[in-house]
Amino acid sequence: MHLVQQILFIILAVTAIYLFSKKVIEMRRNILLGRDEDLNDNKGQRWKNMVLLALGQKKMFKRPTPAILHLFVYAGFIIINVEILEIFLDGALGMHRLFAPMLGGLYAFLIGFFEILAALVLIGCVIFLIRRNITKVKRLTMKELDGWPRNDANLILVTEVILMSLFLIMNTADQALQGQVGAEHYSTTDPFWITAHFKNIFSGLSVPALIAIERVCWWLHIIGVFAFLNYLPYSKHFHILLAFPNAYYSKLMPQGEMKNMPVIQNEVLYMMEPDKAPPTPTEPAEHKNFGAKDVTDLSWKNLLDAYSCTECGRCTSVCPANMTGKKLSPRKIMMDTRDRLEEVGNNINTNKEFKPDGKQLINDYITVEELRACTSCQACVEECPVMIDPLSIIIQLRRSLVMDDSNAPQEWNLMFGNIENNMAPWKFSSDDRDAWVNG
Amino acid sequence: MAEYAANGETPEVLFWVGCAGSFDQRAQKITRAFTQILDKVGIKFAILGKEEMCTGDPARRAGNEFLFQMMAYNNIATLNGYGIKKVVTICPHCFNIFKNEYPALGGNYEVMHHTTFLQQLINDGKVKLKDGGAFKGKKITYHDSCYLGRGNGIYEAPREVLQAFDTELIEMKRCRSNGMCCGAGGAQMFKEEEPGATRINFERAEQALETGATIIAANCPFCTTMLTDGVKNKEKEDSVKVMDIAEMVAMSI
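Residues numbered from 1 in each chain as written. Chains lettered and ligands numbered in written order. Predicted model: local features only at pLDDT ≥ 70, side-chain atom pairs only at ≥ 80, totals over all residues. Heavy atoms only, no water.

A. Quick look at the overall build of chain A. The helix and strand tally for chain A stands at 18 helices and zero strands. For chain A, the C-alpha radius of gyration of 28 Å lies well beyond 22 Å, the compact-globule estimate for 439 residues. The buried share of chain A, taken over its 439 residues, is 51%. A separation of at least 24 residues holds for 76% of the contacts in chain A among residues at least 6 apart in sequence. Carbon and sulfur atoms form 65% of the exposed surface of chain A, whose accessible area is close to 20600 Å². Averaging the locations of the 44 positively and 46 negatively charged side chains of chain A gives two centres separated by 4 Å. (Helix = DSSP H or I, 4+ residues; strand = E, 2+ residues; numbered from the N terminus. Rg over C-alpha atoms; globule rule 2.2 N^0.38 Å. Buried < 20%, exposed > 50% of the residue type's maximum accessible area, 1.4 Å probe, protein only. Contact = heavy atoms within 4.5 Å. Areas by Shrake-Rupley, 256 points an atom, 1.4 Å probe, with all protein chains shown as cover. Lys, Arg positive; Asp, Glu negative; His and termini not counted. Charge placed at Lys NZ, Arg CZ, Asp CG, Glu CD.)

B. Looking closely at the sheet that holds strand 8 (residues 241-244) of chain B. Residue and element names in this part refer to chain B. The four strands are arranged 6-5-7-8 in an open sheet whose pairing can be described as parallel. Edge positions in the sheet fall to strand 6 (168-169) and strand 8, since each of these pairs with one other strand and no more. Here strand 5 (residues 139-142) runs beside strand 6; their pairing, made up of two bridges, is parallel. The residue of strand 6 that forms the bridge with Lys-139 is Glu-168. (Pairing = 2+ DSSP bridges.)

C. Quick look at the domain arrangement of chain A. Residues and elements named next belong to chain A. Split into domains, chain A comes out as domain 1 (2-31 + 63-248) and domain 2 (262-431). One C-alpha centre belongs to domain 1, the other to domain 2; they are set 41 Å apart. Counting residues at the interface gives 25 residues for domain 1 and 32 residues for domain 2. Carbon and sulfur atoms make up 49% of the area that domain 1 and domain 2 hide from each other, which totals about 2400 Å². Counting the contacts that link domain 1 with domain 2 gives three salt bridges. If you look at where domain 1 meets domain 2, you find 18 residue pairs in polar contact (both at pLDDT 80 or more). (Domains from an automatic or database assignment. Buried area = accessible area lost by both parts, 1.4 Å probe. Salt bridge = Lys/Arg side-chain N within 4 Å of Asp/Glu carboxyl O. Polar contact = N/O pair within 3.5 Å; in protein donor to acceptor, adjacent residues only side chain to side chain.)

D. Just the sheet that holds strand 3 (residues 86-89) of chain B, in detail. All names here are of chain B. A sheet is described by the order of its strands in space; here four strands give the open sequence 2-1-3-4, paired in parallel fashion. With partners counted over all chains shown, the strands left at the sheet margins are strand 2 (45-46) and strand 4 (110-113), one partner each. Relative to strand 2, strand 1 (residues 13-16) runs parallel, the two being bridged by two bridges. Residue pairing across strands places Leu-14 opposite Ala-46, the latter belonging to strand 2. Set on the sheet, helix 6 (residues 92-101) makes contact with strand 1, strand 3 and strand 4; between it and strand 4 the angle comes to about 160 degrees. Running at roughly 85 degrees to strand 4, helix 7 (residues 114-123) makes contact with strand 1, strand 3 and strand 4 of the sheet. (Axes fitted to C-alpha atoms, helices over the stretch in contact; angles between N-to-C directions.)

E. The arrangement of the interface of chain B and chain A in detail. Between chain B and chain A, the residue contacts involve 67 residues of the former and 60 residues of the latter. Here chain B packs against chain A, burying approximately 5500 Å² in sum over the two surfaces, 65% of which is carbon and sulfur. When residues of chain B are sorted by the area they lose upon contact with chain A, B:Phe23, B:Tyr73 and B:Phe190 head the list and together hold 13% of the total. Viewed at the interface, chain A and chain B are joined by four salt bridges. B:Glu193 is paired through a salt bridge with A:Lys326; the nearest N and O atoms lie 2.4 Å apart. For the side of chain B that touches chain A, the secondary structure elements donating two or more residues are helix 2 (18-23), helix 3 (25-41), helix 4 (57-62), helix 5 (65-81), helix 6 and helix 9 (200-210) of chain B. When residues of the side of chain B that touches chain A are assigned to their parent elements, the largest contribution, eight residues, is made by helix 5 of chain B. Counted by class, the side of chain B that touches chain A contains 27 nonpolar, 24 polar and 16 charged residues. (Nonpolar A, V, L, I, M, F, W, Y, C, P; charged D, E, K, R; others polar.)

F. Expanded view of the domain arrangement of chain B. All names here are of chain B. Domain boundaries in chain B define domain 1 (2-118) and domain 2 (128-251). At the junction of the two partners, domain 1 supplies 26 residues and domain 2 supplies 26 residues. Summing both partners gives a buried area of about 2100 Å² for domain 1 against domain 2, and 71% of it is carried by carbon and sulfur. Between domain 1 and domain 2 we count one salt bridge in total. In this structure, Glu-247 engages Arg-26 in a salt bridge whose closest nitrogen and oxygen atoms are separated by 2.9 Å. For the pair domain 1 and domain 2, the interface holds eight residue pairs in polar contact (both at pLDDT 80 or more). Where the side of domain 1 that touches domain 2 is concerned, the elements lending two or more residues are helix 3, helix 4, helix 6 and helix 7. A per-element tally of the side of domain 1 that touches domain 2 places helix 3 first, with eight residues. When the residues that make up the side of domain 1 that touches domain 2 are grouped by side-chain class, the tally is 13 nonpolar, eight polar and five charged.

Following this line, the structure appears as structure tokens:
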């Protein structure tokens, strides 16, 4: 019986890890479809950002209530993984509570600690479910979350509630079994902090029934863990992993600074000073869009951003355009980028290479009206706990609209014309630039 | 600046007036206020005058990188031609371009926004505010512009200037890094807003009016225009004034 369980476990574990790795490698490939960008400078600052922002969740604490609940779930998730290690080894080696005899009194202390964390995760997730579905916190119930995104969020929370419940029921049954005849391989430990108090709820049950409960919970829990692992890459919940690289590779320059476009800088330079142009015209490079029309024109960091987004909507809740009823929502920019990237990825999976599908990020996902509403105020960038930069995508799409498609509102075309001819965005003569002196 | 150069002199600082400060009637008052302070303190400053051009900020943020690069090329050629080292500007958009975006194109200057400049003059004792000046006992709220605040992390210098007045500074709910945009940035100043429920400047002006302040202090000519319109929309323009910090200082020395 033990051997059968052991073999089943190993098959399950290998399959789960294989499928997860396959999907992660595919996501990495998708991210690298983006434009190259070197972000390996200033490693010290980058590590610091990762520790403070991803590990330390510094930005989360701007909003204390969700921050504390999130900390419960996050700390629980990370630390309970230590217990997953034992469960994994037990499963693979056909043992039960492998560490219990080795650690002695410390074991019950650790499990007790994990139980407290599990209870906090449970409470955190239940309150999160209430915030999403009953009190309806605005940023968590906006229209752009209709359908899959809302189900995704609820599914994650319900799964975590179930996993934590299974873990606690399993421990309760274990506590009830300890020391009973017929359950000798359930090693005796000190009482676990929480479940020891609940073991009486199982007092009427026979030893085989208790073993059945304990085993069923153990199996459902670990199956749930493996299933959840494989669900992650398809879900917004993948942020638990990508928050770390995303914080590491985040923008180090002042938020107000826009990235330079050396191609255009040189074009202007050669126009103004033709002697500096390369003597022989170089082979015309393969046409690259100015700015971005589709996800493959964006930088790989923009695409990493898209996969890191957990759709919390802090960005959208502070966006001045969104607050005043415009269509722009920075969160939707990130969700659209991810959806389009997944579509391109699936296209490559099916056709071996990307087969043009007549779609692109602009228009088919993000409308011109959304892009036009941005004031470049950087509130979304400032707000994001995992350092996503929606503004960078907006600006690149705007560049493509204006420079590739000459698509600008009439007022902007007038402004461009004025700057070009009068050196100011308004129609004033540059001769009058110092006329204020006489005012 | 041409005159300084012709006489072989160098000014202490170049005052970059910017397009709003040069042409917009409301913003011209800020320009004059700031130069009054400079004159009073006896700082030798120059302006480029007719040689100054738009930095290219609205073009770049609208997506027209090409036009931005043209403006940048010309401005940097002019400034480097005069050997300019230090620039002060009354516009956070110009400030951001000088500080962050011209260096990559060969324009390296020490640049200050006028609120930081004024704060230093006050701290050094060069500007002394009159006791019980025009703002004594008045309630003031301060609007962080995006490109001075979030863009470049300057939150304290303008507040320090305001605290030098004998006034009560009341913060809006959204201030500092959480400050809300006036609606002008990203080249929005030069076009109609996209369809929505209300205008951004109306929303922001309401937030400012909620504080009960009678003066809304700003550091950007575009914010000043936007917030003034927002105050007018609430028909509060008789009781509440939107003023640039430079205007407030000029009135108190």
